[in-house]
Amino acid sequence: MSEIMNMLSYHFMQRALIVGILVSVCAALLGVSLVLKRYSMIGDGLSHVGFGALAIASAFGLAPLWVAVPVVVIAAVILLNLQQSAKVKGDAAIAIISSASLAIGVITVSLTTGMNTEVSSYMFGSILSLSRSDAILSVILSVGVLALFILFYPRIFAITFDETFTKATGTNTKIYNMLLAVLTAVTVVLGMRMMGALLISSLIIFPALSAMRVCKSFKSVVLCSAVISVVCFLVGVCASYFLETPTGASIVLADLAAFGVFSLLGGPRK
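**So, the overall build of the chain**
Logical step 1: Helix and strand content of the chain: 13 helices and zero strands.
Logical step 2: Each principal axis of the C-alpha distribution contributes one length, and for the chain these read about 50 × 45 × 30 Å.
Logical step 3: In the chain, which comprises 270 residues, the share counted as buried stands at 51%.
Logical step 4: Counting only contacts in the chain whose residues sit at least 6 apart along the sequence, the fraction spanning at least 24 positions is 77%.
Logical step 5: Of the accessible surface of the chain, which amounts to about 12600 Å², a share of 71% is contributed by carbon and sulfur atoms.
Logical step 6: For the chain, the distance from the average position of its 15 positive side-chain charges to the average position of its 9 negative side-chain charges is 14 Å.

**Quick word on the packing of helix α7 (residues 132-151) against helix α10 (residues 173-195)**
Logical step 1: Running from amino to carboxyl end, α7 crosses α10 at an angle of 150°, the nearest separation of the two axes being 10 Å. Looking at the two axes, α7 sits roughly antiparallel to α10. Crossing angle aside, the handedness with which α7 passes α10 is left-handed. Residues Asp-134, Ser-138, Leu-141, Ser-142, Val-145, Leu-148 and Phe-149 of α7 form the contact with α10, whose own contacting residues are Leu-179, Leu-183, Val-186, Thr-187, Leu-190 and Arg-193.
Logical step 2: Looking at the contact of α7 with α10 residue by residue, the classes come out as eight nonpolar, three polar and two charged.

**Overview of the packing of aromatic side chains**
Logical step 1: Per the counting criterion, the structure on display carries eight aromatic pairs.
Logical step 2: Following the ring pairs from residue to residue traces out a cluster consisting of Phe-149, Tyr-153, Phe-157, Phe-161 and Phe-218.

**Examining unusual backbone geometry**
The phi angle of most residues is negative, glycine excepted, and most peptide bonds adopt the trans form.
Logical step 1: Positive phi values are uncommon outside glycine, yet Glu-244 reaches one of about 60°.
Logical step 2: Turning to its location among the elements, Glu-244 is positioned in the loop between α12 (218-243) and α13 (247-266).
Logical step 3: According to the relative accessible area criterion, Glu-244 is exposed, its value standing at 73%.

**Quick word on empty space enclosed by the protein**
Logical step 1: Summed over all chains, the structure comprises one cavity of 30 Å³ or more.
Logical step 2: One number sums up the size of the largest cavity: a volume of about 50 Å³.
Logical step 3: In terms of lining residues, the largest cavity is bounded by Gly-20, Val-23, Ser-24, Gly-191, Met-194, Met-195, Leu-203, Phe-233 and Ile-251.
Logical step 4: The set of elements that each furnish at least two residues to the lining of the largest cavity consists of α2 (11-36) and α10.
Logical step 5: Considering only residue class, the lining of the largest cavity consists of six nonpolar, three polar and no charged.

**Observations concerning helix α3 (residues 42-59)**
Logical step 1: Taking 1.5 Å per residue, 18 residues should reach 26 Å; α3 reaches 26 Å between its end C-alpha atoms and fits that length.
Logical step 2: Burial analysis of α3 places 15 of its 18 residues in the buried class, which makes it a mostly covered element.
Logical step 3: Downstream of α3 by one or two residues, Gly-61 has phi in the positive range, about 70°.

**With respect to a nonpolar patch on the surface**
Logical step 1: A cluster of nonpolar side chains, namely Met-1, Ile-4, Met-5, Leu-8, Phe-242 and Leu-243, defines an oily patch on the protein surface of about 620 Å² accessible area.
Logical step 2: Per-element accounting of the nonpolar patch gives the leading share, three residues, to helix α1 (residues 2-8).
Logical step 3: Within the secondary structure, Leu-243 sits in helix α12.
Logical step 4: Assessed through its relative accessible area of 62%, Leu-243 is described here as exposed.

**Topic: the confidence of the model for the chain**
Close inspection of predicted coordinates is inappropriate for parts of the model with low pLDDT.
Logical step 1: For the chain, the average pLDDT comes to 83, and 91% of its residues sit at 70 or higher.
Logical step 2: No element of the chain has a lower mean pLDDT than helix α6 (residues 117-124), at 69, and none a higher one than α12, at 91.

**Observations concerning the nonpolar core**
Within soluble globular proteins, side chains that are nonpolar generally end up buried alongside one another.
Logical step 1: Ranked by internal contacts, the top residues of the largest apolar core, which has 81 residues, are Leu-46 and Leu-79.
Logical step 2: Broken down by element, this core gets its largest block of residues, 14 residues, from α2.

Cut-offs applied
Residues numbered from 1 in each chain as written. Predicted model: local features only at pLDDT ≥ 70, side-chain atom pairs only at ≥ 80, totals over all residues. Heavy atoms only, no water. Helix = DSSP H or I, 4+ residues; strand = E, 2+ residues; numbered from the N terminus. Buried < 20%, exposed > 50% of the residue type's maximum accessible area, 1.4 Å probe, protein only. Contact = heavy atoms within 4.5 Å. Areas by Shrake-Rupley, 256 points an atom, 1.4 Å probe, with all protein chains shown as cover. Lys, Arg positive; Asp, Glu negative; His and termini not counted. Charge placed at Lys NZ, Arg CZ, Asp CG, Glu CD. Axes fitted to C-alpha atoms, helices over the stretch in contact; angles between N-to-C directions. Parallel < 35°, antiparallel > 145°, perpendicular 65-115°, else oblique. Left-handed = near helix turned anticlockwise from the far one by under 90°. Nonpolar A, V, L, I, M, F, W, Y, C, P; charged D, E, K, R; others polar. Phe/Tyr/Trp six-rings, centres within 6.5 Å; stacked < 30°, edge-to-face > 60°. 1 Å grid on protein atoms, 1.4 Å probe; cavity = no way out; pocket = protein on both sides within 12 Å on 5 of 7 lines; lining within 4 Å. Points joined across faces, edges and corners; volume = space filled by probe spheres on them. Expected span 1.5 Å × (residues − 1). Patch = residues over 30% accessible without salt bridge, like charges linked within 9 Å, V, L, I, M, F, W, Y side chains within 5 Å. Salt bridge = Lys/Arg side-chain N within 4 Å of Asp/Glu carboxyl O. pLDDT = per-residue confidence, 0-100. Core = buried A, V, L, I, M, F, W, Y, C linked by side-chain atoms within 4.5 Å.

Here is the structure:
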């Protein structure tokens, strides 16, 4: 207990825990809809876009989040339009956006600052990279994501399970699909600072899959996913602090362990 209190005495840990819990809840809530819509890899694609934007911001000395958030939101809208195009579908659209953005980020880094500590933290995550100003902006954006998800929960539920019927009732499904993509984009950017571009998609996918092993209704899956995500985040951060392991990787392993446990509890799927 004394070691935990010592850990919590550091300001960077306090910031990381507050932002991390909020981002974990956001990712878990959105992840349920994304997994059910077979759109779960959007997190991976948008994280590559985020890396490109953060690399450019770092190269020109700009505020990372102020650059990355609008760029990734725009990418999410473009990605959604590409997915609905008759010429580019599904994973091909994600591959186009993610690979191009990652290439731009790598080229920018190689021509300017090189692979320094800050750029490395964008790729692999670093709990030390969260400044006070970034933490304040992250909290504001996370609360905004949660508020919008709760406000439009019935519509998000509807487009997740039967988009065709929802559209037939007169609902503009395109707007709510775009809202889901934008909220995911914001969550991905916020989570990248601790998880890294390579691991952020796991924060979206694992809790949702774990909850689906034991829960049956959409609401119960959403709530269970949020609890799993927060618990795994806390376990991962504590393991990272005491064992001196990378934060993002520790959280992913905690999520993987939770998925194994919930898979055993859920039993074989029929």
